Amino acid sequence: QSALTQPASVSGSPGQSITISCSGTSTNVGAYNSVSWYQQHPGEAPKLIIYDVNNRPSGVSNRFSGSKSDNTASLTISGVQAEDEADYYCSSYSRNSREVFGGGTKLTVL
Amino acid sequence: QVQLVQSGAEVKKPGASVKVSCKASGYIFTGYYFHWVRQAPGQGLEWMGWINPSSGGTHYAQKFQGWVTLTRDTSIGTAYMELNRLKSDDTAIYYCARDQGVIGQPKFYFDSWGQGTLVTVSS
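Cut-offs and rules
- Residues numbered from 1 in each chain as written.
- Chains lettered and ligands numbered in written order.
- Predicted model: local features only at pLDDT ≥ 70, side-chain atom pairs only at ≥ 80, totals over all residues.
- Heavy atoms only, no water.
- Helix = DSSP H or I, 4+ residues; strand = E, 2+ residues; numbered from the N terminus.
- Rg over C-alpha atoms; globule rule 2.2 N^0.38 Å.
- Contact = heavy atoms within 4.5 Å.
- Lys, Arg positive; Asp, Glu negative; His and termini not counted.
- Charge placed at Lys NZ, Arg CZ, Asp CG, Glu CD.
- 1 Å grid on protein atoms, 1.4 Å probe; cavity = no way out; pocket = protein on both sides within 12 Å on 5 of 7 lines; lining within 4 Å.
- Points joined across faces, edges and corners; volume = space filled by probe spheres on them.
- Nonpolar A, V, L, I, M, F, W, Y, C, P; charged D, E, K, R; others polar.
- Phe/Tyr/Trp six-rings, centres within 6.5 Å; stacked < 30°, edge-to-face > 60°.
- Buried < 20%, exposed > 50% of the residue type's maximum accessible area, 1.4 Å probe, protein only.
- Buried area = accessible area lost by both parts, 1.4 Å probe.
- Pairing = 2+ DSSP bridges.
- Axes fitted to C-alpha atoms, helices over the stretch in contact; angles between N-to-C directions.
- Disulfide = S-S within 2.5 Å.

Peer 1: Break down the overall build of chain B for me, citing the residues and quoting the values.
Peer 2: When helices and strands are counted, chain B shows 0 helices and 11 strands. The secondary structure elements of chain B, listed N-terminal to C-terminal, are β-β-β-β-β-β-β-β-β-β-β. In terms of overall size, chain B behaves like a compact globule, its C-alpha atoms giving a radius of gyration of 14 Å where 123 residues would be expected to give roughly 14 Å. Long-range pairs, those at least 24 residues apart, make up 55% of the contacts in chain B between residues at least 6 apart in sequence. Counting 11 positive and 8 negative side-chain charges, chain B places the centres of these two groups 2 Å from one another.

The following block contains the structure:
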């Protein structure tokens, strides 16, 4: 069982916006602005798409954005595209465990 | 260009040990922390621990303490992860990943990843 809770799956049609939640506790998500998000296509290594809650690495589309409220972080993909179909993982620095991940969310583009 | 290249797939019997390597290039090896993350088949990501390649200092997730050893060889810019007393549920892809923060200021997010090494534990 993962320390951070994500929905197992979300779906959306091309052009729609989708949001993936990541629920933690006051010892991880709620305590630090060190939430990151990774995108993983089948057979590939994860790729960093959001860091420090709402920052994008160079080269990542501005359709990806992050936010946080209390113990829950969120990833929003605006104008979802077929190429966005992948698994998404949140992670956070944790007072107890240093680094924890969510269980992952499979995004299906309809 | 930052690149992390891992060693090839391994098949091990229960009770054996495995050592996975991660060779870094394109940046100063001793300038950034290395983390190790594993992913069981069809499962999520699990953080195992980190190593400071400059000092050799390590920190392990509680689950892996006494069971995983992280080392590095600065002369060849390579980090290693050794897992002992393998069990069937250690079958997973093992990734090395570079911390985006510099030594002394870790960020705990990973901007570069190795391609992964599949370790299969089977009798």
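Peer 1: Report on the layout of surface pockets, specifying residues and quantitative values.
Peer 2: One simple way to see leftover space: roll a probe sized like a water molecule over the atoms. Roughly 570 Å³ of internal volume is contained in the largest pocket. What lines the largest pocket is a set of 23 residues, among which A:Gln1, A:Ser2, B:Leu45, B:Glu46 and B:Trp47 lie closest to the centre. Taken together, the residues of the lining of the largest pocket sort by class into 9 nonpolar, 9 polar and 5 charged. Counted as a void, the second largest pocket has a volume near 230 Å³. Lining the second largest pocket we find 16 residues, and of these A:Gln40, A:Gly43, B:Gln39, B:Ile93 and B:Tyr95 sit closest to its centre. When contributions to the lining of the second largest pocket are tallied by element, the ones reaching two or more residues are strand E7 (86-94) of chain A together with strand E9 (92-102) of chain B.

Peer 1: Any chance you could break down the packing of aromatic side chains for me, citing the residues and the numbers?
Peer 2: Scanning all chains against the criterion turns up 15 aromatic pairs over all chains. Each ring, one from A:Phe64 and one from A:Tyr88, has its centre 6.4 Å from the other, and the planes form 35 degrees; the classification is tilted. Here the residue A:Phe64 occupies a position in strand E5 (residues 64-69), and A:Tyr88 occupies one in strand E7, the gap between them amounting to 24 residues. Residue A:Phe64 shares its accessibility class with A:Tyr88, and that shared class is buried. Seen from their ring centres, B:Tyr95 and B:Trp113 are 5.7 Å apart, and the 85 degrees between their planes marks the pair as edge-to-face. Placement of the pair is B:Tyr95 in strand E9 and B:Trp113 in strand E10 (residues 110-113), with a sequence separation of 18 residues.

Peer 1: Describe in detail the interface of chain B and chain A, supporting the description with residues and values.
Peer 2: The partner chain A presents 17 residues to the 18 residues of chain B that form the contact. Between chain B and chain A, a total of about 1500 Å² is buried, with carbon and sulfur atoms accounting for 62% of that surface. The largest share of the area that chain B buries against chain A comes from B:Leu45, B:Phe108 and B:Tyr109, three residues that together contribute 41% of it. For the side of chain B that touches chain A, the secondary-structure elements that each account for two or more residues are strand E4 (32-39), strand E5 (45-51), E9 and E10 of chain B. Among the elements that line the side of chain B that touches chain A, the one with the most residues is E5(B), at 4 residues. By residue class, the composition of the side of chain B that touches chain A is 9 nonpolar, 6 polar and 3 charged.

Peer 1: How would you explain the sheet that holds strand E7 (residues 68-73) of chain B if you had to name every residue and give the values?
Peer 2: Within a sheet, each strand pairs with its neighbour through backbone hydrogen bonds, oriented either parallel or antiparallel. All names here are of chain B. Strand order in this open sheet of 4 strands is E1-E3-E8-E7, and the pairing throughout is antiparallel. Lying at the two open borders of the sheet, with one neighbouring strand each, are strand E1 (3-6) and E7. Along the sheet, successive strands turn relative to each other by an average axial angle of 20 degrees, direction set aside.

Peer 1: Can you explain the state of the cysteines? Please cite residues and give values.
Peer 2: Residue and element names in this part refer to chain A. Scanning all chains against the criterion turns up 2 disulfides over all chains. Each disulfide pairs two cysteine sulfurs, and for cysteine 22 the partner residue is cysteine 90, the sulfurs being separated by 2.1 Å. When the S-S torsion is 75 degrees, as for the bridge of cysteine 22 with cysteine 90, the disulfide is right-handed. Residue cysteine 22 is located in strand E2 (residues 18-23), and its partner cysteine 90 is located in strand E7; the two are separated by 68 residues in the primary sequence. On the basis of relative accessible area, cysteine 90 is assigned to the buried category, the value being 0%.

Peer 1: Kindly report on the pairing of E7(A), identifying the contributing residues and their values.
Peer 2: Working note: regular strand, side chains alternate between the two faces of the sheet. All names here are of chain A. Among the 9 residues of E7, 8 are classified as buried, and the element is accordingly described as predominantly covered. Strand direction decides the pairing type here: strand E3 (residues 35-40) and E7, joined by 6 bridges, are antiparallel. Looking across to E7, one finds that glutamine 39 is bridged to tyrosine 88. With 3 bridges joining them, E7 and strand E9 (residues 105-109) adopt antiparallel strand pairing.

Peer 1: Tell me about the pairing of strand E8 (residues 78-83) of chain B, and please be specific about residues and values.
Peer 2: Residue and element names in this part refer to chain B. Buried residues dominate E8, accounting for 5 of its 6 residues. Here 6 bridges tie strand E3 (residues 18-25) to E8, and the two strands are oriented antiparallel to one another. Bridge pairing in E8 links cysteine 22 to alanine 79. Relative to E8, E7 runs antiparallel, the two sharing 6 bridges.

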